[in-house]
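The lines below spell out each chain.
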Amino acid sequence: MKVIYNVKIYQPGKKTIQQGHLIVTNGKILEVNDGKYQGEIQNIIDGNGATVAPSFNDTHMHLLRYGLMKKELDLRQVSSWKEMKAIVKDEYLEKRMEEHKWIIGRGVIDSQFEDIDHLLTTKDLEELEFQKPMFFLHDDGHESIVNEEALKILREEKELSLYHDRFIEKDENGDWTGRFKDTAVHYIKFHFRQKTEEEVYHAIKDAIPHLLEYGIASVHTDDLNYTGSFDRVWNSYRKLENKSELPVQVHLHHYVYHLDDMKKYLNQHKRRTGDGTDRVRMGAFKIFLDGTQRLHTAALRQPYHDLPDTTGELIYSQSELNKMVQLADEHNMQVTMHAIGDRTVEQAITAIESVGAEKMRHRIIHAQILAPDLLERLKKLKPYLEIQPGFMMNEYDQTAKWVGKEQEKYCNPWKTVSEMGIPFTGSSDCPIGPLSPLLHIYAAVNRQDEEGNPEGGWIPEERLSVAEIYRAYTEIGAKIEFQENSKGRLEKGYTADLVFLSDHPDEVSPNKLKEIKVLETWVKGERVYSL
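No experiment lies behind these values; they were computed from the predicted model shown. (Residues numbered from 1 in each chain as written. Predicted model: local features only at pLDDT ≥ 70, side-chain atom pairs only at ≥ 80, totals over all residues. Heavy atoms only, no water.)

A.B. asks: Explain the nonpolar core here, please?
C.D. replies: Across soluble globular proteins, nonpolar side chains have a tendency to be buried as a group. Membership of the largest hydrophobic core comes to 115 residues, with the highest contact counts inside it found for Phe180, Ile287 and Leu385. No other element matches helix α7 (residues 197-213), which puts eight residues into this core. If near-sequence neighbours (up to four positions away) are discounted, Ile287 is found in contact with Val256, Met262, Tyr316, Leu321, Met324, Val335, Thr336, Met337 and His338. Counting 18 residues, the second-largest nonpolar core is a separate cluster that includes Trp81, Met84, Val88 and Ile116. (Core = buried A, V, L, I, M, F, W, Y, C linked by side-chain atoms within 4.5 Å. Buried < 20%, exposed > 50% of the residue type's maximum accessible area, 1.4 Å probe, protein only. Helix = DSSP H or I, 4+ residues; strand = E, 2+ residues; numbered from the N terminus. Contact = heavy atoms within 4.5 Å.)

A.B. asks: I keep staring at the layout of surface pockets and nothing clicks. Help me out?
C.D. replies: Here the largest pocket defines a volume of roughly 1,400 Å³. Every residue lining the largest pocket is counted, 49 residues in all, and those nearest its centre are Ile109, Asp139, Asp140, Asn394 and Ile432. Mapped by element, the contributors of at least two residues to the lining of the largest pocket are β12 (176-181) and α13 (392-403). Considering every element that reaches the lining of the largest pocket, the biggest residue donor is α13, with five residues. A breakdown of the residues in the lining of the largest pocket according to their chemical character gives 17 nonpolar, 16 polar and 16 charged. (1 Å grid on protein atoms, 1.4 Å probe; cavity = no way out; pocket = protein on both sides within 12 Å on 5 of 7 lines; lining within 4 Å. Points joined across faces, edges and corners; volume = space filled by probe spheres on them. Nonpolar A, V, L, I, M, F, W, Y, C, P; charged D, E, K, R; others polar.)

A.B. asks: What's the story with the packing of α7 against helix α8 (residues 230-242) in this structure? I'm lost.
C.D. replies: Any two packed helices are characterised by the angle at which their axes cross and by the distance between the axes. The geometry of α7 relative to α8 is characterised by a closest axis approach of 9 Å and an angle of 55° between their N-to-C directions. Taken together, the axes of α7 and α8 are oblique relative to one another. Relative to α8, the crossing made by α7 is right-handed. Residues Glu197, Glu198, Val200, Tyr201, Ile204 and Lys205 of α7 form the contact with α8, whose participating residues are Asp231, Arg232, Asn235, Ser236, Tyr237, Lys239 and Leu240. (Axes fitted to C-alpha atoms, helices over the stretch in contact; angles between N-to-C directions. Parallel < 35°, antiparallel > 145°, perpendicular 65-115°, else oblique. Left-handed = near helix turned anticlockwise from the far one by under 90°.)

A.B. asks: How should I be thinking about the pattern of salt bridges in this particular structure?
C.D. replies: Proximity of charged atoms lets side chains of opposite charge pair with each other. Counted by the stated rule, this structure contains 37 salt bridges. Here Arg301 ties to Glu346 by a salt bridge, and the two come within 3.5 Å at their closest N and O atoms. Of this pair, Arg301 sits in the loop between β15 (280-288) and α10 (318-330) while Glu346 sits in helix α11 (residues 342-353); the two residues are 45 residues apart in sequence, bridging distant segments of the chain. For Glu346, a relative accessible area of 26% translates into the label partly exposed. Look at the salt bridges and you will find they share partners, linking Arg301, Asp342, Glu346, Glu353, Asp373 and Arg377 into a network. (Salt bridge = Lys/Arg side-chain N within 4 Å of Asp/Glu carboxyl O.)

A.B. asks: What is the right way to read unusual backbone geometry from this model?
C.D. replies: Most peptide bonds take the trans form, and the phi angle of most residues other than glycine is negative. Residue Pro431 follows Cys430 across a cis peptide bond; omega there is 10°. Along the chain, the position of Pro431 falls in the loop between β19 (424-426) and α16 (437-446). At the junction of Asn453 and Pro454, the peptide bond is cis and its omega measures out at -5° in the coordinates. The backbone of Asn26 sits at a positive phi, close to 50°, despite the residue not being glycine. Structurally, Asn26 is set in the loop between β2 (17-25) and β3 (28-34).

Structure follows, in structure tokens:
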């Protein structure tokens, strides 16, 4: 038994206990009390006036990819082609690269390069003069560039052309330029970036301390593209758990492309959503319905404002998607669908309406572009939306360019979503978005970037309260896991997953939320991180 005393106890939406204590036993909360602790107990922890709050649950991320990044060339801050070439040539030979026969880099934003007037292609990469396949991933994870050595391999992949041709960029002669988008990128990662169980094990182990540093005790992660085998993903996490090296709880998603992918899993595996062990559980089938606004591949109901010849790309027909969602639902598998554009959000809603959202608590990822009719259908259906407030920090000044001023007001309308009773969770999509939940909370409350732009906030009427977004990162996440009666709150009988914060989220000015520090992270009543 432990007593944590001399702390403020923050439970979003409830009155703060300004000086209280918690009693923890067997990994659960036995009592939450106001006032000083009067009893006698050997294991007593003085919180020194810190704020104790529920720990965070990141419901959409890519933990394996985050762990692998340390072994890749980091190109996120590169602003010129000259600089990129220098980094590849100098650092590739110095670093112990994981990819063996491939040269891998991440974070490329070549649209910002100052010394070339076009986006990189295979022809440009030939200047690097390495006789090895090269793969460079854009910062948002939805676009890649490869060199000629890689193209020689990819041209032999008949399935790549058959199923992903519209996401392969071609020049005026119909030749591949070396740039790939969306599902074509996933195909390349799945087939040519596979890791062994040992590599997966060490990459995840490397990533875990970062979760704890930010107060994250639970994650939902999609890792399949980097292993090619769901068993390999599962076994690696279980190995960590068996060796007592997995302090967090993980929910493992299974990315599927075809109906046959679902059938294969269902035939070969007995685990369904929520099944597993204490720390490793089956998550959802993940399905990509469209791409991104930046690439104009997110599917819209109206043409793009800045590219009126396109409305984006639907990956599935409604009939195909309905069959996938129905099969999953019949077999007690949750579905989570990547849908950014209003046309794909509509598709996702229609598919879930055919089975209902209540039984499996099906989910829609991003849902960045909405509309009045979609909001009304979401209000009635109540699927769970997975939002990433931090994305707004980099996109707010481009949104109107993509969708037009009239549609802009329905982009990321999270206050409206909240007031309509549509459930939503908080997440990072890390490493695409920043890992820190407190930074995403700052973005949701202020609707500004880290420098405080735009002044007054972007569409300020859609700002969330601290309590609304904090609940999205805690107790709402527990609901999509069917653990709302045991996790996500500081209440008697709940798992003692908690954080010590340097400041109370409701007692600092909104622009200071991002400066709050996680002093300690506790999982199941044990301190697993201390600043």
